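# Residue-level structural notes
Chain residues, written in single-letter form:
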Amino acid sequence: MIYTKFIENLSDYQKDILSRFLIFLPIFLIFVFPIIHANTYYGDDWYRALWISTSNAWLTDHRPLGYLTVFITSAFGMRDIAPLSQIIGAISVALSVSILSLQWNYKTFPAVICFSFIFCQPFFLQNLSYHFDSMFMCFALASSLIPFYSDPSKENKRKLFTYSTIIIFLVLNMYQPTISVYLSISLFESMRNLLKTKKVTTSSKNFIFRLSSLGFSLLLFQVESLLFVKKSAYVSQHSEIIHSIKNIENNFHSYLTIFHTYFLKDIFGYFMVFVILTSIILFVKLSLNSDVKNKFIFLFFGLLIFVLNIATIPSLQIILLHPVLNSRTFISFGAILSMCVSFFVNENLKKPVINASLSYFAAYILFSQIALSFINGNGLKAQNDYRIMIADQMNNDYSVLSNGRNDNTLFGTLGDEKISTVSEKIFRKYHILEDNIKLLSFFSYYTQSPFFLPCIMLIRGFPDSSLFLSDTLSSFKENYRDSPTWKMINEKVTSCHVERIIHHPLFNTYKIGNYIISDYAKKCS
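What you see is a predicted model; the values in this text were computed from it and never measured. Here, residues in each chain are numbered from 1, in the same order as that chain's written sequence. Where local features are concerned, this predicted model is filtered to residues with pLDDT of at least 70; where side-chain atom pairs are given and counted, the filter is 80 or more; whole-chain, interface and lining totals use all residues. Hydrogens and waters are ignored; side-chain quantities use all the structure's heavy atoms.

## Comments concerning the packing of helix α14 (residues 267-289) against helix α16 (residues 332-342)
Angles here are taken between N-to-C directions and fall from 0 to 180 degrees, while the axes themselves are lines fitted to C-alpha atoms, restricted in helices to the stretch in contact. Where helices and strands are cited, they refer to DSSP runs of H or I of at least four residues and of E of at least two residues respectively, numbered from the N terminus. Look at α14 against α16: their axes get within 9 Å of each other, and the N-to-C directions meet at 45°. Taken together, α14 and α16 sit at an angle that is classed as oblique. Between α14 and α16 lies a crossing of left-handed hand. Seen from α14, the contacting residues are Met-272, Val-275, Ile-276 and Ser-279; seen from α16, they are Phe-333, Leu-337, Cys-340 and Val-341. Class assignment of the residues belonging to the contact of α14 with α16 gives a composition of seven nonpolar, one polar and no charged. Orientation categories follow fixed angle ranges, with anything under 35 degrees roughly parallel, anything over 145 roughly antiparallel, 65 to 115 roughly perpendicular, and all other angles oblique. If you view the pair so one helix is near and one far, a crossing is left-handed when the near helix is turned anticlockwise from the far one by less than a right angle, and right-handed when it is turned clockwise. Residues count as neighbours in contact if any of their non-hydrogen atoms are within 4.5 Å of one another. Polar here means any residue other than Ala, Val, Leu, Ile, Met, Phe, Trp, Tyr, Cys and Pro, which are nonpolar, and Asp, Glu, Lys and Arg, which are charged; Gly is therefore polar.

## Quick notes on the state of the cysteines
Linking two cysteines covalently via their sulfur atoms produces the bond known as a disulfide. In plain terms, two cysteine sulfur atoms within 2.5 Å form what is called a disulfide here. Within this structure, the stated rule accounts for one disulfide. Cys-340 supplies the cysteine sulfur nearest to Cys-114, a cysteine that is in no disulfide, at a spacing of 10 Å. In this scheme, a residue with accessible area under 20% of its type's maximum is buried, one over 50% is exposed, and one in between is partly exposed, where area comes from a 1.4 Å probe on protein chains only. On the accessibility criterion, Cys-114 (0% relative accessible area) is buried.

## Points about helix α22 (residues 484-494)
Taken as a whole, α22 has its buried residues at Trp-486, Ile-489 and Val-493. Within α22, the buried residues cover an arc of 65° as seen down the axis, which keeps them to one side. Opposite the buried face of α22, by more than 90 degrees, sit the exposed residues Pro-484, Glu-491 and Thr-494. The inward-facing, buried residues of α22 contact β1 (410-414), α21 (469-472), β4 (508-512) and β5 (515-519). Positive backbone phi, approximately 60°, marks Cys-496, located one or two places after α22. To be clear, the arc concerns the directions from the helix axis to the C-beta atoms.

## A closer look at the side chain of His-431
Tracing the backbone through its elements, the reader meets His-431 in the loop between α18 (421-429) and α19 (434-442). When sequence neighbours within four positions are dropped, the list of residues in contact with His-431 reads Thr-261, Tyr-262, Lys-265 and Asp-266.

## Points about the side chain of His-504
On the secondary structure map, His-504 appears in the loop between β3 (500-503) and β4. With relative accessibility at 15%, the residue His-504 sits in the buried group. For this analysis, a polar contact is any N or O atom pair within 3.5 Å, provided that within protein one partner can donate a hydrogen and the other can accept it, and provided that sequence-adjacent residues contribute only side-chain to side-chain pairs. A distance of 2.8 Å separates polar atoms of two side chains, one belonging to His-504 and the other to Asp-397. Setting aside residues no more than four positions away along its own chain, His-504 makes contact with Gln-393, Asp-397, Thr-509 and Lys-522.

## Describing the sheet that holds β5
Pairing in this open sheet of five strands is mixed, and the strands run β2-β1-β5-β4-β3 from one edge to the other. This sheet does not close on itself; its edge strands, each paired only once, are β2 (467-468) and β3. As paired strands, β4 and β5 are joined by five bridges and run antiparallel to one another. Among the inter-strand pairings, Asn-508 is bridged to a residue of β5, identified as Asp-519. Running at roughly 155° to β3, helix α17 (residues 352-402) makes contact with β1, β3, β4 and β5 of the sheet. Each pair of strands is called paired provided DSSP finds at least two bridges between the two strands.

## Focus: the pairing of β1
Within a regular strand, the side chains alternate between the two sheet faces. Extensive coverage of β1 is indicated by the burial of five of its five residues. By the alternation rule, side chains of β1 split into Leu-410, Gly-412 and Leu-414 and Phe-411 and Thr-413, which are all buried. Strand direction decides the pairing type here: β1 and β2, joined by two bridges, are parallel. Within the sheet, the bridge partner assigned to Leu-410 lies in β2 and is Leu-467. Here five bridges tie β1 to β5, and the two strands are oriented parallel to one another.

## Examining the packing of aromatic side chains
Two rings belonging to Phe, Tyr or Trp (six-membered ring only in the last case) form a pair when the distance between their centres is within 6.5 Å. Interplanar angles under 30 degrees mark stacking, angles over 60 mark edge-to-face geometry, and anything in between is tilted. What the rule picks out here adds up to 43 aromatic pairs. Ring geometry for Phe-462 and Phe-468: centres 4.6 Å apart, planes at 25°, overall stacked. For Phe-468, a relative accessible area of 5% translates into the label buried. An aromatic cluster of three or more residues is present, and its members are Phe-123, Tyr-255, Phe-259, Tyr-262, Phe-263, Phe-330 and Phe-333.

## Digging into the environment of Tyr-41
By the secondary structure assignment, Tyr-41 is in the loop between α2 (12-38) and α3 (45-51). We classify Tyr-41 as partly exposed; its relative accessible area is 24%. As a C-alpha pair, Tyr-41 and Val-97 span 56 residues in sequence and 28 Å in three-dimensional space. When near neighbours in sequence (up to four residues on either side) are disregarded, Tyr-41 contacts Trp-46, Ala-49, Asp-80, His-131, Asn-384 and Ile-459.

This is the structure:
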């Protein structure tokens, strides 16, 4: 009765939004379900689960609005509320794409098929895996679509410019890489205008308007950064602008290597390339069949939009001295897929059989993204269980070899963490998932691998009064191998001058004076 009364009080516009939202949301929840089911801490989650409630480290990441949302939604504290964080995030994006698809006059089926990719895409899986960060990353993604609810050709440009600039500035204060989505949707909008008006000038003017708004937002963000934000060393490093053209060239080659890895090494990557190329062919067919006057200029501008849209994947990172070469920053790929798939559900082809076939194929493309999410979830779960097993073994070794003298015995590791058989088979088969599992495994931070191993060991029972070797060598950072302590340990292990050894299938643990070292390479057997 209450629900019926609520529906009756809605306007037709609100009913349309609600009906779309109730389709988008289940799809998004199915997509994120494998991550929720895996229930693993991801990357910085380990650290934050232990210390974030008593630390202000987050404030130096220049994401104040993002962390404010975490603070408010976790009952005025910094607490782990997953999977509620992922569910709230999915709701926000579902609502945003529902409004956008209606504003752009998409019918329900094409809307669901096209705009679901903004959320359901391989490069957003890593973002969704975070217990703490996933929610405001979703909020940033949802907010980046808001400026496109209004059409610059129909609205007051000055008012829309101000409104868009404020929204993008807020997005930058939540999660900066989301501006690549804004750029991609700007190009998607330009493509729509090009096909609708058949005028290159109208399409290009809209895109320039969107770029102007972005540029002013970036300027405000930079001023805010200089005046009010004390950045961490990591954020400062990864926000530094390049100093030479050579750096741009190097970045470009780095991204080409990454694209080759993601898209030209396995069947899923080939499939995505096929989708993009097919959409280009469909655009060319539409262009040749249109009544536009200068078809060459029309075609050239449309193909340029495709090229520029693909370039939004690295986006502005191409001009950074130390770009984040990580899949979680490539989230504009979902918007690119949305634009490409829009040609598969285009009703202007006027051939029912072909239309139906392309629409079903578009639906299968969406299904493939959901299937990949389940594969990713199984890989994350397998590696997490593997890490916990190893951490438990290391904790036990430490307890045995320290003889209860935890206050002056330090723990460290040699080499890189092993990968579970299940996880390795997954990312070897699906290279597009490699970052989600492998990168964190092989990222050696000071002297332990993975870099969050101390957090896992502490959560699994490592004595609070004990220290890790990395704590004593932190001043050396990446050059810890030059420290006298590390040289001594490495020499002792290489020559097998150790007091005791505990053997495991995946590593050996040695006692060397006051140091207990777990060696993945098992140099001394």
